[in-house]
Amino acid sequence: LVLSLAWLGPALGDEEEDGEVVAEEEKEKEEEEVLSDEIKEEDNVLVLHKHNFARALSEHRLLLVEFYAPWCGHCQQLAPAYAQAATELRNQSSPARLGKVDATAQTALATEFGITSYPTLKLFRDGNRTHPLTYTGRKDTRGIVRWMQRRAGPSATLLHDTDTAAAFASSEDLVVIGFFKDLQGKAAQVFYEVAAEMVDLPFGVAEAAELFQAYKLSADTVCLFKKFDERQTDFPVDPEQGLDMAELTRLLRVHSLKLVMEFTNETSNQIFSANIPHHMLLFLNKSSSEQLSLQDGFKAAASTFRGEVLFVVVDVNGYGADVLSFFGMTPDDAPTLRLVRMENNRKYQMEQDSFSDTAISTFIRAVLDGKVKPHLLSAEPPEDWDTRPVKVLVGKTFEQVAFDETKNVFVKFYAPWCSHCQAMAPAWEELAERYKDREDIVIAEMDATANELENITIHGFPTLHYFPAGPGRKMVEYKSARDVETFSKFLENGGTLPVEPPVVTKTPGNGTAKEDPSVLGTEESRDEL
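Everything numeric in this text was worked out from a predicted model, so none of it was measured.

1. Notes on the side chain of T336
For step 1, the next point in the chain: When you line up the elements, T336 lands in strand β16 (residues 336-341).
For step 2, the next point in the chain: Engagement of the side chain of T336 in a polar contact is seen with the side chain of D353, the distance being 2.6 Å.

Shown next, in the form of structure tokens:
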């Protein structure tokens, strides 16, 4: 308004002064609105600040609050799903409501609730301001709605008789029913807590004696009903120790998976989030009936290792084609077997593939007992690997170079597709040029997607390790700035940097929080495996 009046000022005379008055009045009005405890909404999401936060807590029994930053890309990506979830809950007349706080503007609230990353979601129950719950669900519309629904009402449906129980048990592919003789007891309460967290599964609960009899149960038991494999899996409640929330969650997750999973776009998230320490993989060409028949022996071996080893079939010409390079394989290598230790991505291979259930079981047991060495990938060294300023290492040559007692070796572990690796490549080349005539310093790199080392596991790219000269096979991880001068300072100081006062970098909006990459990705300076 002031700008528009400035254009007209010379023609209107005193109108410019009136414009300033109007602008001042608008400013006062805005300040009054901010100071008010009135709660406005945007797309059914409550807009909260320090003056209306207490009112929101008093008016809404269940309030999920997103603390966001306007500049945060992850917050912007979450916004449509968050608004849609708020609308769905509102349309259901749910007591659960969604709100949001601009944490860069409402710094007092951000400090009060310990906000260090964006977006952060916290649930406030029954007006309790001091102990909000951290949101643990998926950050999409369905995940948010289900998570809130479980907390708005009973997390498990009460089943009164055999008809309702039978209908509930067959209502979906996976259903959990807890049978408890006392629904107010500790075991039942733990069950309700698990149900509140595992929002992707329907949970029912029963205490009627006729239901215990109908399902041939004599004591408190949690039952998982499935439309595949063994159809029903029972988890009896230990009469002395009761139910453990973490253990019950783990058991339900493990047994919710098929005995043998097929690796597809739909199942990949289940497979990798199952928290099963080993994966046994059968690579085959599904267009070959001969190779398909190998699944029989594979499945026969699976039940013995349930919970310890996840059995997965990978179609080398289907969705699984994209993972072949991770194993150094091509479709022509099928059929073949690999066992992967998920903790460190170590891969194990039979000396000669044998697909009988006995052979598979024997091989797995030998790996679990530490009797089989991992199969390590290694590319062939380029002919000019040691004539370039940056020495090119592969699995076969790494030991002799990195642990040369006469050299200080600085190695970059990278992935060809890693944008952060590509960004620092010129600095690494310049560093190598600077030290190419130093006999005691070697600047090297290794493609960690094509080469593996027995005692070094690379979790993200780029990873920089320094191997100092001398005995003892020492290794130092470099974690500082990725520029030539800092690299040089590190090398000249024998693999250390002088201690300097910490620099506090402020984010836009005078905050110090960072983006939370759990929404749709990561914007940190290293690409994770």
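2. Quick look at the sheet that holds strand β20 (residues 441-447)
Within a beta sheet, neighbouring strands are joined by backbone hydrogen bonds and run either parallel or antiparallel to one another.
For step 1, the next point in the chain: The sheet built from five strands is open, its strands ordered β18-β20-β19-β22-β23 with mixed pairing. The open sheet has two free edges, formed respectively by β18 (391-393) and β23 (476-478), since each of these has just one partner strand. Going from strand to strand, the sheet's axes swing by 30 degrees on average, the running direction of each strand aside.
For step 2, the next point in the chain: Judged from the five bridges that link them, strand β19 (residues 408-414) and strand β22 (residues 463-467) form a sheet pairing that is antiparallel. Its bridge partner lying in β22, K412 is registered against L464.
For step 3, the next point in the chain: Packed on one face of the sheet, helix α16 (residues 419-435) meets β19, β20 and β22 and runs near 160 degrees to β19.
For step 4, the next point in the chain: Against the sheet, helix α17 (residues 484-492) makes contact with β19, β20, β22 and β23, and its axis sits at roughly 160 degrees relative to β23, the strand it touches most.

3. Looking at the pattern of salt bridges
For step 1, the next point in the chain: Within this structure, the stated rule accounts for 24 salt bridges.
For step 2, the next point in the chain: In this structure, the salt-bridge partner of E262 is K286, at a minimum N-O distance of 2.9 Å. One end of the pair, E262, is in strand β13 (residues 260-262); the other, K286, is in the loop between β14 (278-284) and α12 (289-292), with 24 residues separating them in the sequence.
For step 3, the next point in the chain: Residue class for E262 comes out partly exposed when judged on its relative accessible area of 33%.
For step 4, the next point in the chain: Here E485 and R434 are joined by a salt bridge, their closest N and O atoms 2.9 Å apart. Of this pair, E485 sits in helix α17 while R434 sits in helix α16, and the two are 51 residues apart along the sequence.
For step 5, the next point in the chain: Residues joined by salt bridges that share partners form a network here, namely K226, D229, E230 and R306.

4. Observations regarding the pairing of β22
For step 1, the next point in the chain: Among the five residues in β22, five count as buried, and that is most of the element.
For step 2, the next point in the chain: A two-sided burial pattern is seen for β22, the buried positions comprising T463, H465 and F467 on one face and L464 and Y466 on the other.
For step 3, the next point in the chain: In this structure, β22 lies alongside β23, joined through three bridges in antiparallel fashion. Residue pairing for β23: L464 is matched across the bridge by Y478.

5. Quick word on the packing of helix α4 (residues 73-91) against helix α6 (residues 141-152)
For step 1, the next point in the chain: Where α4 meets α6, the axes come as close as 8 Å, and the angle between the chain directions of the two elements is 40 degrees. Taken as axis vectors, α4 and α6 run oblique relative to one another. Taken as a pair, α4 and α6 cross one another with a handedness that is right-handed. The residues of α6 that touch α4, namely those facing L78, A81, Y82, Q84, A85, E88 and L89, are T141, I144, V145, M148 and Q149.
For step 2, the next point in the chain: Its residues assigned to classes, the contact of α4 with α6 shows eight nonpolar, three polar and one charged.

6. Quick word on unusual backbone geometry
For step 1, the next point in the chain: With an omega of -15 degrees, the peptide bond between Y118 and P119 qualifies as cis.
For step 2, the next point in the chain: Mapped onto the fold, P119 is located in the loop between β5 (117-118) and β6 (120-125).
For step 3, the next point in the chain: Phi at N44 is positive, roughly 70 degrees, even though this residue is not glycine.
For step 4, the next point in the chain: Looking at N44, the relative accessible area reads 23%, which means it is partly exposed.

7. Digging into the environment of R231
For step 1, the next point in the chain: Looking at the secondary structure, you find R231 in the loop between β11 (221-226) and β12 (232-236).
For step 2, the next point in the chain: Counting along the chain gives 57 residues from R231 to L174, while the straight-line C-alpha distance between them is 9.3 Å.

8. Topic: the packing of aromatic side chains
For step 1, the next point in the chain: Taken as a whole and assessed by the stated rule, the structure comprises 31 aromatic pairs.
For step 2, the next point in the chain: On the numbers, 5.4 Å between centres and 85 degrees between planes, the contact of F53 with F124 is edge-to-face. In this pair, F53 sits in helix α3 (residues 53-59) while F124 sits in strand β6, placing the two residues 71 residues apart along the sequence. Considered together, F53 and F124 belong to a single accessibility category, that of buried residues.
For step 3, the next point in the chain: Geometrically, the ring pair formed by F67 and F113 is tilted, given 5.7 Å between the ring centres and 50 degrees between the ring planes. Of this pair, F67 sits in strand β3 (residues 62-68) while F113 is found in the loop between α5 (107-112) and β5, placing the two residues 46 residues apart along the sequence.
For step 4, the next point in the chain: For F67, a relative accessible area of 0% puts it in the buried group.
For step 5, the next point in the chain: Judged by its relative accessible area of 8%, F113 is buried.
For step 6, the next point in the chain: By the ring-pair criterion, three or more aromatic residues cluster together here, those being F410, W428, Y466, Y478, F487 and F490.

Rules and cut-offs
- Residues numbered from 1 in each chain as written.
- Predicted model: local features only at pLDDT ≥ 70, side-chain atom pairs only at ≥ 80, totals over all residues.
- Heavy atoms only, no water.
- Helix = DSSP H or I, 4+ residues; strand = E, 2+ residues; numbered from the N terminus.
- Polar contact = N/O pair within 3.5 Å; in protein donor to acceptor, adjacent residues only side chain to side chain.
- Pairing = 2+ DSSP bridges.
- Axes fitted to C-alpha atoms, helices over the stretch in contact; angles between N-to-C directions.
- Contact = heavy atoms within 4.5 Å.
- Salt bridge = Lys/Arg side-chain N within 4 Å of Asp/Glu carboxyl O.
- Buried < 20%, exposed > 50% of the residue type's maximum accessible area, 1.4 Å probe, protein only.
- Parallel < 35°, antiparallel > 145°, perpendicular 65-115°, else oblique.
- Left-handed = near helix turned anticlockwise from the far one by under 90°.
- Nonpolar A, V, L, I, M, F, W, Y, C, P; charged D, E, K, R; others polar.
- Phe/Tyr/Trp six-rings, centres within 6.5 Å; stacked < 30°, edge-to-face > 60°.

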